[in-house]
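Coordinates in review
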Amino acid sequence: MHKLSHIWRLGLKELTSLRYDSVLLLFLGYAFTVAIYMPAAGSVIGVHNASVAVVDEDQSHLSRQLTQALQPPEFQSPVALPYAELDKVMDSGRYTFVIDVPANFQADLLAGREPALQLNVDATAMSQAFMGAGYIGRIFQQELLTYSGQAQATEQTPVRLTTRSLFNPNLEGGWFLAVIQIVNNITILAIILTGTALLREREHGTLDHLLVLPLTALEIMLAKIWSNMLVVVLCTWASLEIVVKIALGVPLAGSMVLFLLVTALYLFASTALGIFLATLARSTPQFGLLSIPVIIPMLLLSGGSTPLDSMPQWLQWVMQGSPSTHFVSLSAAILFRDAGIGVVWPDLLTLAVIGLVFFAIALGRFRKSLAS
């Protein structure tokens, strides 16, 4: 009972210390509000409002029909462009796509020939160039089939594929991005909060005061973990309810309670990692530099930014030892697919084992640092 009382009171001390740390409080507020809303609401995954110019050398009904087929919100209204300015606007990056319809294009098509039009793409606009070229190709193909009277024959094929989206029917990229931003911020804050809390005590001499008290390294470490875990879990819940559900309008399908419990389990592992890194650093600036090569791979290679299956096989095996990989998988399964315990228990068990291993390593290193 005395040990539990020590852990409880030390945790309250951590919360009181955080209360008066205005910089960390400001960072917490930013991480779970502005840093969630702005990327999700402002970024677009796909083609949106792409600039298009058309060099119409044919001046036919078909060329005008192809131009009118490029409509918002994917494309801006096409701008008529003289042929002499084609190279100039491409070099200046004024338009992402410039379409050149050659002379006699309609006449050649009606005569049974195979005319070609030219699509110039500014490949430096990487986010829209590749997908936009595909969009334009499919739009023009459909328009040409309709014009030549082959669209109806194409629709009468023996097999037709119909695609339906169960969740996110409009394929809004911001819905997924909002949750991934929360997952990434949880990782960053879990490591930074615990690590800076330990280093702040060492730099201010508070840790020396704790060592003369009848306290063990286990009690000090558990106090830091539960207090920072409580702060991040509450911030996560508030961000999901206010920013994600209300401000962004994302309909989360899964159990909020189960997700918060998974978040707490993940924080157990990541906060232990933060303490371990803090024992290796001698000052807060060193801890910040040491955290960068740890946090960045956890964010980029956990499956949130790019699918885990697209990575090399050896890297997939390496990332199975990172708690962030399993947390991303659990978050998507619970919040998007409404998965229950019966579905996610393998990842939960793996995350718990990784957390215990990280905790044991961090505790051993923490005890060694206190003895030195």
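As recorded in an unreviewed UniProt entry, the chain goes by the name ABC transporter permease, listed as coming from Pseudomonas hefeiensis. Per UniProt, the chain has the following entry under Sequence similarities (unreviewed entry): "Belongs to the ABC-2 integral membrane protein family." Under Subcellular location (unreviewed entry), UniProt gives the following word-for-word description of the chain: "Cell membrane".

A word on the nonpolar core
One finds Phe-32, Ile-186, Met-221, Val-244 and Leu-252 to be the most contacted residues of the largest nonpolar core, which totals 74 residues. Counting residues per element, this core draws most heavily on helix α12 (residues 256–280), at 14 residues. Setting aside chain neighbours within four positions, we find Phe-32 in contact with Ile-182, Ile-186, Leu-189, Val-232, Cys-235, Thr-236, Ser-239 and Val-243. Among the nonpolar cores identified, the runner-up in size contains 14 residues, and Val-54, Phe-97, Ile-99 and Phe-105 belong to it.

Considering the UniProt feature "transmembrane region" (unreviewed entry) in the chain
Mapped onto the present numbering, the UniProt feature "transmembrane region" (unreviewed entry) falls at residues 20–40, 175–199, 252–280, 287–308 and 348–366. Across residues 252–280, helical content stands at 86% and strand content at 0%; the span's end C-alpha atoms are separated by 40 Å. A helix fraction of 100% and a strand fraction of 0% characterise residues 348–366, whose end C-alpha atoms lie 26 Å from each other.

Observations concerning the pattern of salt bridges
Under the counting rule described, the total for this entry stands at four salt bridges. A salt bridge links Glu-14 to Lys-13; its shortest N-O distance comes to 3.4 Å. Relative accessible area serves as the criterion here: at 7%, Glu-14 is assigned to the buried category. In this structure, Lys-245 engages Glu-241 in a salt bridge whose closest nitrogen and oxygen atoms are separated by 3.6 Å.

Side note on the environment of Pro-346
Mapped onto the secondary structure, Pro-346 falls in helix α16 (residues 341–371). In this structure Pro-346 comes out as partly exposed when scored by relative accessible area, which is 37%.

Here's the deal with the packing of aromatic side chains
By the definition in use, this model includes six aromatic pairs. Each ring, one from Trp-8 and one from Trp-226, has its centre 5.3 Å from the other, and the planes form 0°; the classification is stacked. Residue Trp-8 is located in helix α1 (residues 2–19), and its partner Trp-226 is located in helix α11 (residues 217–247); the two are separated by 218 residues in the primary sequence. Judged by centre distance (4.3 Å) and plane angle (5°), the rings of Tyr-266 and Phe-327 are stacked. Here the residue Tyr-266 occupies a position in helix α12, and Phe-327 occupies one in helix α15 (residues 323–335), the gap between them amounting to 61 residues. Given the relative accessible area of 0%, Tyr-266 is considered buried.

What counts as what
Here the residue index of a chain counts from 1 through its sequence in written order. Where totals are concerned, whole chains, interfaces and linings use all residues; where local detail is concerned, this predicted model gives features only for residues with pLDDT of at least 70, and gives and counts side-chain atom pairs only at 80 or more. Note that the side-chain values use all heavy atoms of the structure and ignore hydrogens as well as water. UniProt positions are given in the numbering used here, feature names are shortened, and annotations may be inferred rather than shown by experiment. Only buried residues count toward a nonpolar core. Its members are Ala, Val, Leu, Ile, Met, Phe, Trp, Tyr and Cys residues joined through side-chain atoms within 4.5 Å. Whether a residue is buried, partly exposed or exposed follows from its accessible area with a 1.4 Å probe, protein chains only, as a fraction of its type maximum: under 20%, in between, or over 50%, in that order. A run of H or I in DSSP becomes a helix once it reaches four residues, and a run of E becomes a strand once it reaches two; helices and strands are each numbered from the N terminus. Working rule for contacts: check all heavy atoms of both residues, and any pair within 4.5 Å makes them a contact. A carboxyl oxygen of Asp or Glu within 4 Å of a side-chain nitrogen of Lys or Arg is what we treat as a salt bridge. Between rings of Phe, Tyr and Trp, where Trp is taken as its six-membered ring, a pair exists when centres lie within 6.5 Å; planes separated by under 30 degrees are stacked, by over 60 edge-to-face, and by other angles tilted.

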